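# Results of the structural survey
What follows is each chain in one-letter form.
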Amino acid sequence: MTVTALVEDARPVGRPLTANRLPKWTPAAVAAGSIALGCAIGALGGLASHLQWGLISGLLFVLVSYTLSARVEGHRQAKDRLATSVVWVAFILAVVPLVALTVYTVQQGIHVVDGNFLSHSMKGVIQSGPGGGIYHALIGTLEQVGLATAIAAPIGLLTAVYLVEYGRGTLAKAVTFFVDVMTGIPSIVAGLFVLSVWNIALGFSYSGFSGSLALAILMMPVVVRSTEEMLKLVPNELREASYALGVPKWKTILRIVLPTAIGGITTGVMLAVARITGETAPVMMLVFGADYINGNPFEGPQQSLPMYIWLQYSQVNNDFGYARAWGAALVLIAFVMGLNLIARGIARWRSPKGGH
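On a predicted model such as this, the values are computed, not experimentally measured, just so you know. (Residues numbered from 1 in each chain as written. Predicted model: local features only at pLDDT ≥ 70, side-chain atom pairs only at ≥ 80, totals over all residues. Heavy atoms only, no water.)

## Concerning the packing of aromatic side chains
We apply this condition: Side-chain rings of Phe, Tyr and Trp, where Trp is taken by its six-membered ring, are said to pair if the distance between their centres is within 6.5 Å; with planes under 30 degrees apart they count as stacked, over 60 as edge-to-face, and otherwise as tilted. Going along the chain from the N terminus, every DSSP run of H or I of four or more residues is numbered as a helix, and every run of E of two or more is numbered as a strand. Buried means the residue's accessible area, taken with a 1.4 Å probe over protein chains only, is under 20% of the maximum for its type, while exposed means over 50%, and partly exposed covers the values in between. Look at NZ for Lys and CZ for Arg. If either is within 6 Å of the ring centre and within 35 degrees of the ring normal, a charge sits over the ring.
Under the criterion given, the structure shown has 8 aromatic pairs. Geometrically, the ring pair formed by Phe 209 and Phe 298 is tilted, given 5.2 Å between the ring centres and 40° between the ring planes. On the criterion of sequence distance, the pair formed by Phe 209 in helix 9 (residues 208-232) and Phe 298 in the loop between helix 12 (281-286) and helix 13 (305-316) is long-range, its members being 89 residues apart. Residue classification places Phe 209 among the buried residues on the basis of a relative accessible area of 17%. According to the relative accessible area criterion, Phe 298 is exposed, its value standing at 52%. By the ring-pair criterion, three or more aromatic residues cluster together here, those being Trp 198, Phe 204, Phe 209 and Phe 298. For Lys 249, the ring lying beneath its charged end belongs to Tyr 166, and the centroid distance is 4.6 Å.

See the structure below:
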């Protein structure tokens, strides 16, 4: 008996060797049909929100994809297409609000952002009238975030080195526990802590540095967690090879471990900076705000971009204030986006494929 005969005898009667497949253009066609049908249902049903139309279209896309696949390809392949359809719908639901927010902010703020807006403060400007800018808020944000980074980055880096390279026993477990707790604390709690200790108990006045202390508290656990994960990715073989050559542990960490993980560490620090740049509650409590340029973060109130946006939108409460708020929001989004792009560039540059 030949091998072909054995295969034919083993194959169940009536089951083809190859299963039917839907054409490659089927998902695109189903998506287009679902969108058209969802819009029609929404319009005929009197649904005013386009979000509801989109949700109906997404649900139709999942159901139609599963039904077609089950009838043509079988239930096993249909389950795979169901999971894929749900993932695509979830992806679109996550991306659409972000894109809509960015586009709307650009539309509202692009006509305000110019050289005058970026180089002037609100000193001497009537709040309810035109004019003014965000120069004082830019200076305050850069100084406050810079001081917070100077405080949090070294402490977070050394804490992560301790946890990965030296941490054993109860103390390491306690540090890990408190880092996890600090990761989830609200920003206003950090502001209240600094206000109670630094301003009330120790008697210091409102200043940009007070806000930097609260921002550093929020930034520190992010730096610790990201640095810890990067240090864990360094192969132990590198450490063991260094120890075998008689290099002390501290020098191994300084010369081998940290340079190997420096790309990921820098990326984590940049992302932590982006996370604290938009914080408003600690700045409102500790920095107090000002309409003039204050280049000294250690004395007197300062302004920041998040607080400037809140003041212009809530207190001015007219078209000029709204325009300035949207312009400042656009600058803040561009600043945070720039930090994220820098972090991605550093990560790619320091990756093994980059040759560094």
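The rest of the description comes next.
## Quick word on the side chain of Thr 227
As a reminder, the rule being used: Throughout, a residue-residue contact means that at least one pair of heavy atoms, one from each residue, lies within 4.5 Å.
Assignment of secondary structure puts Thr 227 in helix 9. The residues touching Thr 227, leaving out its near neighbours within four places in the chain, are Leu 157, Ala 160 and Ile 265.

## Comments concerning the nonpolar core
Heads up, the rule is: Think of a nonpolar core as a cluster: buried Ala, Val, Leu, Ile, Met, Phe, Trp, Tyr and Cys residues, connected wherever their side-chain atoms sit within 4.5 Å.
Core analysis: the biggest nonpolar cluster contains 28 residues, and Val 194, Met 219, Val 269, Val 273, Ile 276 and Leu 286 have the highest contact counts within it. Looking at this core, the elements that each hand over two or more residues are helix 6 (135-166), helix 8 (187-201), helix 9, helix 11 (249-277), helix 12 and helix 14 (319-349). When residues of this core are assigned to their parent elements, the largest contribution, 10 residues, is made by helix 9. Residues Phe 117, Met 122, Ala 325 and Ala 329 belong to the second largest nonpolar core, which totals 13 residues.

## Quick notes on the confidence of the model for the protein
Let me state the cut-off plainly: The predictor attaches a confidence to each residue, called pLDDT, with possible values from 0 through 100.
On average, residues of the protein score 86 in pLDDT, and 93% of them are at 70 or above. Scored below 50 in pLDDT, residues 1-15 makes 3 contacts in the model with residues more than four places away or belonging to other chains.

## Here's the deal with unusual backbone geometry
Of note in the backbone geometry, Phe 288 takes a positive phi value of approximately 80° without being a glycine. Within the element layout of this structure, Phe 288 appears in the loop between helix 12 and helix 13. On the basis of relative accessibility, which here comes to 49%, the residue Phe 288 falls in the partly exposed class.

## A word on helix 8
Let me state the cut-off plainly: What a helix is expected to span follows from its residue count: subtract one and scale by 1.5 Å. Two axes define the bend at a residue: one fitted to the seven residues ending there, one fitted to the seven starting there, and the bend is the angle between them.
If you check helix 8, its first and last C-alpha atoms are 20 Å apart, about what 15 residues at 1.5 Å a residue would give, namely 21 Å. The largest bend in helix 8 amounts to roughly 30° and is located at Leu 195. Those residues of helix 8 not exposed but buried are Ser 187, Ala 190, Gly 191, Val 194, Leu 195 and Asn 199. The positive-phi residue at the C-terminal boundary of helix 8 is Gly 203, with phi of around 85°.

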